[in-house]
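# Coordinates in review
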Amino acid sequence: MADDTVVVWDEALLAYDMGDHPLDPVRVELTIALARELGVLDRPGVRLVKPEPADDALLTRVHDPRYLDAVRAAPRDPFFAGFGLGTSDNPVFDGMHESSALIAGASVAAAEAVWRGDARRAVNVAGGLHHAMPARAAGFCVYNDPAVAIARLLDLGAERIAYVDVDVHHGDGVQEIFYRDPRVLTISLHETPLALFPGTGFPDETGGPGAEGSAVNVPLPPGTGDAGWQQAFHAIVPAALRAFRPQLLVTQCGADGHRLDPLADLHLSVDGQRATYLALRALADELCDGRWVAFGGGGYALVEVVPRAWTHLLAIAGGEPVEPARLTPPAWRELAAARRPGREVPLRMTDDADPSYEPWQPNGEPDAVGRAIAATRRSAFPLLGLDPHDPRD
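Residues numbered from 1 in each chain as written. Predicted model: local features only at pLDDT ≥ 70, side-chain atom pairs only at ≥ 80, totals over all residues. Heavy atoms only, no water.

- For the chain, an unreviewed UniProt entry supplies the name Acetoin utilization protein AcuC and the organism Micromonospora sicca.
- In its Pathway (unreviewed entry) section, the UniProt record describing the chain reads: "Ketone degradation; acetoin degradation." (UniProt positions renumbered as here; feature names shortened; annotations may be inferred.)

Shown next as structure tokens:
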């Protein structure tokens, strides 16, 4: 297996543009620009790969053919309605099918590169559209590129794929698509569905018939910061992955759990997000011989957060983390200020936050995060052959 890291990128990925909408492609543009200015994309072991659009054969591994027809037709019909399209969350836009298929194709290219041994790790920061359902757009997502990529891995012979979703919103589309498939373990940490879209992701969602234990959900209370989030991650994710023994790790790395994000209410820092990416890479190294495919996802602090978080992701996948205290390059600051005048442009790659945490323990009086951890462990761990009360699991 090559030790290279593939970054799947083409400016055409920026065409997934819903107009005056929270999911603004400028966040991806500024991520790639920041990574370039810091030299992350010029490292000897990093290769940029240009994607091709996913064809209908790939897309229909996940999506209903009638839905594809609707996505193609909607931009030509001013009165179109249905399939979740034409709403404020999922407005119709020109080239919707083509740009959505290109994002899916980019995620498939990342997955194929790792599975075939062309690279150890691969990243598509434009991907991570995890809410799309088989026959319905949802949550800013038209085609579910993580699910299409996972389906492609299964077609190539993969038998155990783990998907870890650290977006602030539950990874409902990916969970739904593989809920009855024991070959795919989905793990999602997210703000509680009692407070946030999409209203799913409770601890008792643990997999369908024949796939019991294949879904793990960690709903966290509003206001959870780095310490609580890291405690929950480390109390759930490593043990579940070790029990499942994946051949390859797929992750959705939405940056919208940050305290500045306008659409949710977790209080993470860029430093905490960076710590999570380091932990995911370490788990891929431990369990999957380093095979790690990472996607972007949500993130609506377009200048202040997303470019830094995902540049840390690209750097960690590329082999060498960027130091938190590193200054953002002046040329990037100028670009960010020009693209979004009036936004506060970060001067450094850190929030000066401490992402350390206390390991979870089952004794004592738990706080809200501790209760969430305990509920997830009680629901999911026995199905994975783990002791929900033993902190060593």
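Let's pick the thread back up.
### What to know about the sheet that holds strand β4 (residues 161–165)
- The eight strands lie next to each other as β2-β1-β3-β8-β7-β4-β5-β6, forming an open sheet whose pairing is parallel. Unpaired on one side and paired on the other, β2 (46–49) and β6 (215–220) mark the two borders of the sheet. When strand polarity is set aside, the average angle formed by the axes of neighbouring strands in this sheet is 15°.
- Here four bridges tie strand β7 (residues 248–252) to strand β8 (residues 292–295), and the two strands are oriented parallel to one another. Bridge pairing in β8 links Leu249 to Trp292. (Pairing = 2+ DSSP bridges. Helix = DSSP H or I, 4+ residues; strand = E, 2+ residues; numbered from the N terminus. Axes fitted to C-alpha atoms, helices over the stretch in contact; angles between N-to-C directions.)

### Digging into unusual backbone geometry
- Cis geometry marks the peptide bond from Phe197 to Pro198, where omega comes out at 5°.
- Examined against the element boundaries, Pro198 turns out to sit in the loop between β5 (184–191) and β6.
- At Phe140, a position not held by glycine, the phi torsion is positive, near 75°.
- If you trace the backbone, Phe140 turns up in the loop between β3 (121–124) and α5 (145–155).
- Even without glycine at this site, Arg245 takes up a positive phi of about 55°.
- For Arg245, the location among the structural elements is in the loop between α7 (226–244) and β7.

### Let's talk about the environment of Ile236
- Mapping Ile236 onto the fold places it in helix α7.
- With 142 residues separating them in the primary sequence, Ile236 and Arg378 have C-alpha atoms 11 Å apart.
- Setting aside residues no more than four positions away along its own chain, Ile236 makes contact with Val216, Val218, Ile373, Thr376, Arg377 and Phe381. (Contact = heavy atoms within 4.5 Å.)

### Quick notes on the pattern of salt bridges
- Inspection of every chain in the model, using the stated rule, returns 16 salt bridges.
- Taking the shortest distance from any N to any O, the salt bridge between Asp4 and Arg47 comes out at 3.0 Å. In this pair, Asp4 sits in the segment before β1 (5–8) while Arg47 sits in strand β2, placing the two residues 43 residues apart along the sequence.
- Here the salt bridges do not stand alone but share partners, grouping Glu112, Arg116 and Arg152 into one network. (Salt bridge = Lys/Arg side-chain N within 4 Å of Asp/Glu carboxyl O.)

### Comments concerning the packing of helix α1 (residues 26–37) against helix α9 (residues 306–317)
- One way to put it is that α1 packs onto α9 with a least axis distance of 8 Å and a crossing angle of 50°. Here α1 is positioned oblique relative to α9, judged by the angle of their axes. When you trace α1 past α9, the crossing you get is right-handed. In this structure, α1 contributes Arg27, Val28, Leu30, Thr31, Leu34 and Ala35 to the contact, and α9 contributes Val306, Pro307, Arg308, Trp310, Thr311 and Leu314.
- Its residues placed into classes, the contact of α1 with α9 shows eight nonpolar, two polar and two charged. (Parallel < 35°, antiparallel > 145°, perpendicular 65-115°, else oblique. Left-handed = near helix turned anticlockwise from the far one by under 90°. Nonpolar A, V, L, I, M, F, W, Y, C, P; charged D, E, K, R; others polar.)

### A word on the pairing of β8
- Of the two faces of β8, both are covered, the one formed by Trp292 and Ala294 as well as the one formed by Val293 and Phe295.
- Examined bridge by bridge, β3 and β8 share four bridges and lie parallel to one another. The residue bridging Arg121 from the neighbouring strand is Trp292, located in β8.
- What joins β7 to β8 is helix α8 (residues 270–287), and the crossover it makes is right-handed. (Buried < 20%, exposed > 50% of the residue type's maximum accessible area, 1.4 Å probe, protein only. Right-handed = clockwise from strand over helix to strand, strands pointing away.)

### Considerations on the packing of α1 against helix α10 (residues 330–339)
- Orientation of α1 relative to α10, taken along the N-to-C sense of each, is 170°, at an axis distance of 9 Å. The orientation of α1 relative to α10 falls into the category roughly antiparallel. Here α1 and α10 pass one another in a crossing that is right-handed. Side by side, α1 and α10 meet where Val26, Glu29, Leu30, Ala33, Leu34 and Glu37 of the first sit next to Ala331, Trp332, Leu335, Ala336 and Arg339 of the second.
- Classifying every residue of the contact of α1 with α10 by side-chain character gives eight nonpolar, no polar and three charged.

### Topic: the UniProt feature "domain: Histone deacetylase" (unreviewed entry) in the chain
- In the numbering used here, UniProt assigns the feature "domain: Histone deacetylase" (unreviewed entry) to residues 21–315.
- Across residues 21–315, the secondary structure splits into 37% helix and 12% strand, with the terminal C-alpha atoms separated by 28 Å.

### A short note on the side chain of Gln230
- Within the secondary structure, Gln230 is located in helix α7.
- A residue is classified by how much of its surface remains accessible, and Gln230, at 3% relative accessible area, is buried.
- Not counting chain neighbours up to four residues away, the residues in contact with Gln230 comprise Gly272, Ala275, Thr276, Pro355 and Tyr357.

### Re the pairing of β1
- With burial as the criterion, each face of β1 is covered, one bearing Thr5 and Val7 and the other bearing Val6 and Val8.
- Bridge count between β1 and β2: four bridges; the pairing is parallel. Of the residues in β2, the one forming a bridge with Thr5 is Val46.
- Note that the unit made of β1, α1 and β2 has a crossover that is right-handed.
- Bridge count for β1 against β3 is three bridges, and the pairing is parallel. When the sheet's bridge partners are listed, Val6 is paired in β3 with Ala122.

### Looking at α5
- Judged by how many residues are buried, α5 sits mostly within the fold: nine of eleven residues are covered.
- Taken as a whole, α5 has its buried residues at Asp145, Pro146, Ala147, Val148, Ala149, Ile150, Ala151, Leu153 and Leu154.
- At the C-terminal side of α5, Gly157 shows a positive phi close to 115°.

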